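# Structural overview
As a plain string of letters, each chain reads:
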Amino acid sequence: MSLGAVAHSLPFLATPRPVPWQDNSSRVTEFILLGLSDTRQLQLLFFMFFLLAYTMVLLGNLLIIMTVRTDPKLSSPMYFLLCNLSFIDICCTSVTTPRVLVALLSGHKAIAFEGCMAQLFFLHFVGSSEMFLLTVMAFDRYTAICRPLHYTAIMARRACWALVAACWAGGFIHSIVQTVLMLQLPFCGPNTIHSYFCDVPPVIRLACTNTALIEWLMASNSGLISLGCFLVLVASYALILAKVRARVSQGNWKALSTCASHVMAITLFFVPCILTYLRPAGTLPPSKYVSVIYTILSPMMNPLIYTLRSSEVKESMWRLWRLLGYSEQIFTHGLWKVSLETVSGSSTFCKEFFQEFHT
């Protein structure tokens, strides 16, 4: 490949740099993530947006985890699953967002080949685990509303742990398959990824071989998982809606409101994933702006949609806040008292020392 062709494929580079391949048989050692925009003003705007969103994801989900773990009243299977969802959301955003923030702030867009594959693996690992967990949460709501007499026996704590472990195991198997298929492909150039993170659709387009079969395998893997989980979720909430429609009461209205918020959350997460993965990568270029929805917006909205609308969770958060405030007052008062005793003891020691010195 000539230097002119390389410069043409990397127009955003101000000065020439060594290319990571020498000929068609050599292997790419790094990729260039083009990001969301080349305009500096928009990059600063995106930096502020990603920083604010990532901060909200961390604070909101950590607050939920602390509240559920410290309040014995929130020991039901629903809150146990919500606590795991918060942990997955933190992991999901941490796979891509810190790298994006560094690139937007420093302008360093290169990522090593191994780092790109690792990011792809962990993104699909936590992403598919979240899909499976959302399906389990829908089953939990269906059991609580449609089979309330059997709910305690079906959703026992051991069963909840087994379901969560199955979600992580399913995500791991799915991600291993995706990564192994990707590592079988040769990458000899170009190396520019039209996205802000490494994912299957934009990366597989850079392979210098016929990828039709692998694209269909990956589309059937990721796409069918997304579509299958989404259809199961829609069916479960449709059954719940049919159940509560016949008996309208205050409790059923509360259940209906909860289910409506859950449907909004799964739509926000699953529809962009289905549009991204349920098609071969070579058909149409995936939109990098659609990826923002399921990598940033959905984890940011989950604490608001799932947990903070619950009066029980809000009351528990207020109790936790008052407990932390009371503990801080006790700590401050104790520290001040210890400081005064230390100063008083020091003064007494100094007085005795000078008296002894003068004598």
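## As for the packing of aromatic side chains
Counting across every chain of the model gives 16 aromatic pairs. Aromatic pair Phe-230 and Phe-270: ring centres 6.0 Å apart, planes at 35°, arrangement tilted. Of the two residues, Phe-230 sits in helix α8 (residues 212-246) while Phe-270 sits in helix α9 (residues 250-277), which places them 40 residues apart along the sequence. Per residue, the accessibility class of Phe-230 equals that of Phe-270, and both read buried. Taken together, the aromatic side chains of Phe-87, Phe-121, Phe-122, Phe-125, Trp-168 and Phe-172 make up a single cluster linked through ring pairs.

## Brief notes about the side chain of Lys-109
Among the structural elements, Lys-109 can be located in the loop between α3 (77-106) and β2 (110-112). Among the polar contacts listed, one links the side chain of Lys-109 to the side chain of Asp-38, at a separation of 3.3 Å.

## Some details on a nonpolar patch on the surface
A surface patch of nonpolar side chains, about 410 Å² in accessible area, is lined by Phe-172, Ile-173, Ile-176, Val-177 and Val-180. Position of Phe-172 among the secondary structure elements: in helix α6 (residues 157-183). A relative accessible area of 40% means that Phe-172 is categorised as partly exposed.

## Thoughts on the environment of Met-56
Take Met-56: it is sitting in helix α2 (residues 40-70). Here the alpha-carbon distance between Met-56 and Pro-303, two residues 247 residues apart in the chain, equals 9.4 Å. When near neighbours in sequence (up to four residues on either side) are disregarded, Met-56 contacts Asn-61 and Met-300.

Parameters at a glance
Residues numbered from 1 in each chain as written. Predicted model: local features only at pLDDT ≥ 70, side-chain atom pairs only at ≥ 80, totals over all residues. Heavy atoms only, no water. Phe/Tyr/Trp six-rings, centres within 6.5 Å; stacked < 30°, edge-to-face > 60°. Helix = DSSP H or I, 4+ residues; strand = E, 2+ residues; numbered from the N terminus. Buried < 20%, exposed > 50% of the residue type's maximum accessible area, 1.4 Å probe, protein only. Polar contact = N/O pair within 3.5 Å; in protein donor to acceptor, adjacent residues only side chain to side chain. Patch = residues over 30% accessible without salt bridge, like charges linked within 9 Å, V, L, I, M, F, W, Y side chains within 5 Å. Areas by Shrake-Rupley, 256 points an atom, 1.4 Å probe, with all protein chains shown as cover. Salt bridge = Lys/Arg side-chain N within 4 Å of Asp/Glu carboxyl O. Contact = heavy atoms within 4.5 Å.

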